[in-house]
Amino acid sequence: MYPPPPPQSPYPPPAAPARAWWRHPALAVATLVVLPPVGIALTWLGRWSRNRKIVATVLSGLWFLVLLFADPPPADPAADAEPRATASAGAATGGPTARPTPTGPPTFVGRSLDEAKSGARTAGYDSVSHDASDQDAAQWDADGWKVCFQTPADEQPGGRPVLDFGVVRIDALCPAKDGDKVPWPKMPAVTGKTFDEASQVIARTGFRASEPRSAYTDVTLPEDVAAWKVCFQDPRPAEEVQTPQYQTAYLSLTAPATACPPNPNTALRPDTGGTAAGNDEADGSTRDGGTTDGGTTGGGGVYYANCAAARAAHAAPIRSGEPGYRAALDRDGDGVACDR
């Protein structure tokens, strides 16, 4: 015997509550794609199962990160279409895709060889060097050479490109072309000029300094020789001077009113035992043939009528043995005339 069925209620079952519009699954899916944060919130407020909510949240979050960090589209679609069309044409014809032309190595002319080699390595080049002058010297000290010329060299199979540096010593001038002689300056002719004028001309050539010397072996130079004239010079005129910045020009001088000796290493008064200059007031002449008007005496000597004339010629004070010294001008007898 089967049990009797349960009694049926005379009243109809209650109606299910209406679903809110924001809980509709289609709306949640759409917002997950368009507005992921809003879609995730609607998903968890809806009636989905827990596993579906977790899966939808993870996928929507990943989609949101893609939208957030993706590059924006080009402002001009036509500009982006041109390279794509070129690439498509290359693929269709089976040819290689066009590549930008390399700009070439950086220029190292004027820099030291050490800096050039380091810069070449950084730029992806090997390097070699050679003497750019006619000397063919080895470059064992890279920091003592500078680059005058730069040319590409033959690279080894499978190796990096090579740069060949033509270099000269760091203190030399670059030749006109690779392999020529270094254009060292020539010594200018300054004989006959004052020491001041000659020093300025020599300085423009690049000499380190100009040093004065006495043209007569028995004459001592005063402290101020700016107005004294040059009789001899070393180096000689038109002589090639290598590395003038490390050299000194030597200038042999004589007093403005004194004639230059015929040869260097000459004494003004070979007979040192006699009086340097005398005065014969009766006939107005000196013992060595000069006159008393302050001019040059005979035999290459100098005569000054008084200390005023000596100072006007920039010769005072005059020491014993120097041109123009005589006892009449040395009132205190200390061997220095016109010192007061």
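The shown structure was predicted, so the numbers you read here are calculated from the model rather than taken from an experiment.

A few words on the packing of helix α2 (residues 36-45) against helix α3 (residues 50-69). Two elements in contact, α2 and α3, have axes separated by 9 Å at closest approach and are oriented at 175°. Here α3 runs roughly antiparallel to α2, going by the angle between their axes. Between α2, through Pro36, Pro37, Ile40, Thr43 and Trp44, and α3, the contact on the second element is made entirely by Arg50, Lys53, Ile54, Ala56, Thr57, Ser60, Gly61, Trp63 and Phe64. Tallied by class, residues from the contact of α2 with α3 come to eight nonpolar, four polar and two charged.

Strand pairing in a sheet is mediated by backbone hydrogen bonds. Such pairs are either parallel or antiparallel. On the basis of which strands lie adjacent, the open sheet formed by three strands has the order β4-β6-β5 and mixed pairing. Every interior strand has two partners, whereas the edge strands, β4 (209-214) and β5 (229-234), have only one. The average angle at which neighbouring strand axes cross in this sheet is 35°, direction not considered. Sheet analysis places β5 next to strand β6 (residues 248-254), joined by five bridges and oriented antiparallel. Counterpart to Asp234 in the pairing with β6 is Tyr250.

Our focus in this paragraph is the pattern of salt bridges. A side chain with one charge can pair with a side chain of the opposite charge if their charged atoms come near. Throughout the structure, instances matching the rule amount to four salt bridges. Between Lys181 and Glu240 there is a salt bridge, with the nearest N and O atoms lying 3.7 Å from each other. On the criterion of sequence distance, the pair formed by Lys181 in the loop between β3 (162-169) and α6 (195-205) and Glu240 in the loop between β5 and β6 is long-range, its members being 59 residues apart. A residue is classified by how much of its surface remains accessible, and Glu240, at 28% relative accessible area, is partly exposed.

What follows concerns the state of the cysteines. Summed over all chains, the structure comprises three disulfides. The disulfide partner of Cys307 is Cys338, and the S-S distance across this bridge is 2.1 Å. Because the torsion about its S-S bond is -90°, the bridge between Cys307 and Cys338 counts as left-handed. Of this pair, Cys307 sits in helix α7 (residues 307-312) while Cys338 sits in the segment after β8 (336-337), placing them 31 residues apart in sequence. Here Cys338 falls in the buried class, since its relative accessible area comes to 5%.

Counting residues in each nonpolar core, the largest one holds 18 residues, and the members touching the most others are Val190, Ile202, Leu251 and Leu253. Element by element, the count of residues in this core is highest for α6, at four residues. Not counting residues up to four positions away in its chain, the partners in contact with Leu251 are Val190, Phe195, Ala198, Ile202, Ser210, Glu211, Pro212, Arg213, Val230, Phe232 and Gln233.

Let us now look at the environment of Glu322. Tracing the backbone shows Glu322 in the loop between β7 (318-319) and β8. Spatially, the C-alpha atoms of Glu322 and Leu221 are 8.6 Å apart, while their sequence positions differ by 101 residues. Setting aside residues no more than four positions away along its own chain, Glu322 makes contact with Val219, Thr220, Arg269 and Pro317.

Okay, the pairing of β6 next. Counting buried residues along β6, six of its seven residues qualify, which places the element largely inside the surrounding structure. Relative to β6, β4 runs parallel, the two sharing six bridges. Among the inter-strand pairings, Arg213 is bridged to a residue of β6, identified as Ser252.

Moving on to the sheet that holds β3. Pairing in this open sheet of three strands is mixed, and the strands run β1-β3-β2 from one edge to the other. Each of the sheet's edge strands pairs with one partner strand only, and the pair in question is β1 (126-131) and β2 (145-153). Each neighbouring strand pair of the sheet contributes to a mean axis angle of 30°, computed without reference to strand direction. Of the strand pairs in this sheet, β2 and β3 are connected by eight bridges, and their pairing is antiparallel. Bridge pairing in β3 places Phe149 opposite Gly166. Strands β1, β2 and β3 of the sheet are contacted by helix α5 (residues 113-122), whose axis makes an angle of about 170° with β3.

Calculation rules
Residues numbered from 1 in each chain as written. Predicted model: local features only at pLDDT ≥ 70, side-chain atom pairs only at ≥ 80, totals over all residues. Heavy atoms only, no water. Axes fitted to C-alpha atoms, helices over the stretch in contact; angles between N-to-C directions. Helix = DSSP H or I, 4+ residues; strand = E, 2+ residues; numbered from the N terminus. Parallel < 35°, antiparallel > 145°, perpendicular 65-115°, else oblique. Contact = heavy atoms within 4.5 Å. Nonpolar A, V, L, I, M, F, W, Y, C, P; charged D, E, K, R; others polar. Pairing = 2+ DSSP bridges. Salt bridge = Lys/Arg side-chain N within 4 Å of Asp/Glu carboxyl O. Buried < 20%, exposed > 50% of the residue type's maximum accessible area, 1.4 Å probe, protein only. Disulfide = S-S within 2.5 Å. Core = buried A, V, L, I, M, F, W, Y, C linked by side-chain atoms within 4.5 Å.

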